[in-house]
Amino acid sequence: MASRDIEALTQILARLPGLGPRSARRVVLHLLKKRETALAPLLAALADVEARLVTCGVCGNVDTSDPCGICADSRRDPSLLCVVEEVADLWALDGKRLFAGRFHVLGGRLSALDGVGPEDLSVDALVARVRRDGFAEVVLAMNATLEGQTTMHYLAERLADSGARVTMLAHGLPVGGELDYMDEGTLALALRARRPVA
Ligand code: ZN
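Computed from a predicted model, the values in this text were never measured in an experiment.

The rules behind the values
- Residues numbered from 1 in each chain as written.
- Predicted model: local features only at pLDDT ≥ 70, side-chain atom pairs only at ≥ 80, totals over all residues.
- Heavy atoms only, no water.
- Helix = DSSP H or I, 4+ residues; strand = E, 2+ residues; numbered from the N terminus.
- Rg over C-alpha atoms; globule rule 2.2 N^0.38 Å.
- Buried < 20%, exposed > 50% of the residue type's maximum accessible area, 1.4 Å probe, protein only.
- Contact = heavy atoms within 4.5 Å.
- Areas by Shrake-Rupley, 256 points an atom, 1.4 Å probe, with all protein chains shown as cover.
- Lys, Arg positive; Asp, Glu negative; His and termini not counted.
- Charge placed at Lys NZ, Arg CZ, Asp CG, Glu CD.
- Core = buried A, V, L, I, M, F, W, Y, C linked by side-chain atoms within 4.5 Å.
- Axes fitted to C-alpha atoms, helices over the stretch in contact; angles between N-to-C directions.
- Parallel < 35°, antiparallel > 145°, perpendicular 65-115°, else oblique.
- Nonpolar A, V, L, I, M, F, W, Y, C, P; charged D, E, K, R; others polar.
- Domains from an automatic or database assignment.
- Donors = N, O, S within 2.8 Å, 3.2 Å for Na, K, Ca; no water.
- Tetrahedral: all angles 85-135°; square planar, octahedral: opposite > 155°, others 65-115°.
- Pairing = 2+ DSSP bridges.
- pLDDT = per-residue confidence, 0-100.
- Right-handed = clockwise from strand over helix to strand, strands pointing away.

Draft legend 1. Structural view of the overall build of the chain. On a plain count of helices and strands, the chain comes out with 7 helices and 6 strands. Reading the chain from its N end, one meets helices and strands in the order α-α-α-β-β-β-α-β-α-β-α-β-α. By the compact-globule yardstick of 16 Å for 198 residues, the chain is too spread out, its C-alpha radius of gyration being 21 Å. The principal-axis extent of the C-alpha atoms belonging to the chain is close to 60 × 45 × 40 Å. Looking at the chain as a whole, 30% of its 198 residues qualify as buried. In the chain, the share of contacts with a sequence separation of at least 24, taken over all contacts with a separation of at least 6, comes to 46%. Taken as a whole, the chain presents about 13,200 Å² of accessible surface, with 58% of it coming from carbon and sulfur. One way to put it: in the chain the 23 positive side-chain charges average out to a point 7 Å from where the 26 negative ones average out.

Draft legend 2. View of the nonpolar core. Ranked by internal contacts, the top residues of the largest apolar core, which has 17 residues, are V83, L126, V130, V138, L140 and L155. Counting residues per element, the ones that place at least two in this core are β3 (80-84), α5 (123-133), β5 (137-140) and α6 (146-158). No other element matches α5, which puts 4 residues into this core. Here L126 is in contact with L81, V83, H104, L106, L155 and L159, once residues within four sequence places are set aside.

Draft legend 3. Fine view of the packing of helix α2 (residues 21-33) against helix α3 (residues 35-52). Direction vectors running N to C along α2 and α3 enclose 110°, while the axes themselves pass 6 Å from each other. When the interaxial angle is binned, α2 and α3 end up roughly perpendicular. Mapping the contact onto sequence places H30, L31, L32 and K33 in α2 and R35, A38, L39 and L42 in α3. Looking at the contact of α2 with α3, its residues break down into 5 nonpolar, 1 polar and 2 charged.

Draft legend 4. Local environment of the domain arrangement of the chain. The assigned domain composition of the chain is domain 1 (4-51) and domain 2 (77-168). Between domain 1 and domain 2, the C-alpha centre-to-centre distance is 35 Å.

Draft legend 5. Spotlight on unusual backbone geometry. Of note, the bond from D66 into P67 is cis; its omega dihedral lies within 30 degrees of zero at 0°. Position of P67 relative to the elements: it lies in the loop between β2 (62-63) and β3.

Draft legend 6. Structural detail: the coordination of the zinc ion. In this structure, C56 (SG), C59 (SG), C68 (SG) and C71 (SG) serve as the protein donors to the zinc ion, at separations of 2.3 Å. Around the zinc ion sit 4 donor atoms; with metal-centred angles ranging over 103 to 116°, the donor geometry is tetrahedral. For C71, a relative accessible area of 15% gives the class buried.

Draft legend 7. Spatial organisation of the sheet that holds strand β6 (residues 165-168). The parallel open sheet is built from 4 strands, whose spatial order is β4-β3-β5-β6. In this open sheet, the two strands that pair with only one neighbour each are β4 (102-105) and β6. Mean inter-strand twist for the sheet, computed between neighbouring axes without regard to direction, equals 25°. The pairing of β5 with β6 spans 4 bridges and is parallel. What sits directly across from E137, in β6, is R165. Against the sheet, helix α4 (residues 87-95) touches β3 and β4, its axis set at about 160° to β4.

Draft legend 8. Structural detail: the confidence of the model for the chain. For the chain, the average pLDDT comes to 92, and 99% of its residues sit at 70 or higher. Ranking the helices and strands of the chain by mean pLDDT puts β4 first, with 97, and helix α7 (residues 184-192) last, with 85.

Draft legend 9. Expanded view of the pairing of β4. Judged by which residues are buried, β4 turns out to be covered on both faces: R102 and H104 on one side and F103 and V105 on the other are all buried. Pairing of β3 with β4, which is carried by 4 bridges, proceeds in the parallel orientation. Looking across to β4, one finds that V84 is bridged to V105. Between β3 and its parallel partner β4, the chain crosses via α4, and the hand of that crossover is right-handed.

Shown next as structure tokens:
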């Protein structure tokens, strides 16, 4: 039986995304065994990030500097802006180096059900930023959910006279996908987004 302290630590870890009680126990055991090489560096890294954690005043990313590493990176294409719902979406797109422009995090999506309106999201800041920085193209990279698409159409309207070309992500068949297995929504969107055979 683990002591009460170790059990408490295990329970905290078990609540993290992707970990459950069993993985949490394995992590704790590993940390206890490798006190010098795993536990100490982890503690130092956590304390360091915690002490310097900030939300970027330009894009809404979470980083240890403001402006964040992405906004401060002068090699990025300053004419391209990608709008996402959450920081996790930004990290997913950026982590895979799929987009070389700038980002803007809305902080959520419009939702009548949850009472989330434009004023609860970083919408005014987005519109002001697009006007100020003169982006050539704004990519609305919302989730392919009803709320995501509602948010996208609202933003497209707000940005209509911004001078930027406003684009959206294509929806279609996943690579390797077979028509048989697609849900109706995916099939409908793929049909609607059909294009000439290259
Ligand atoms: Zn930033």
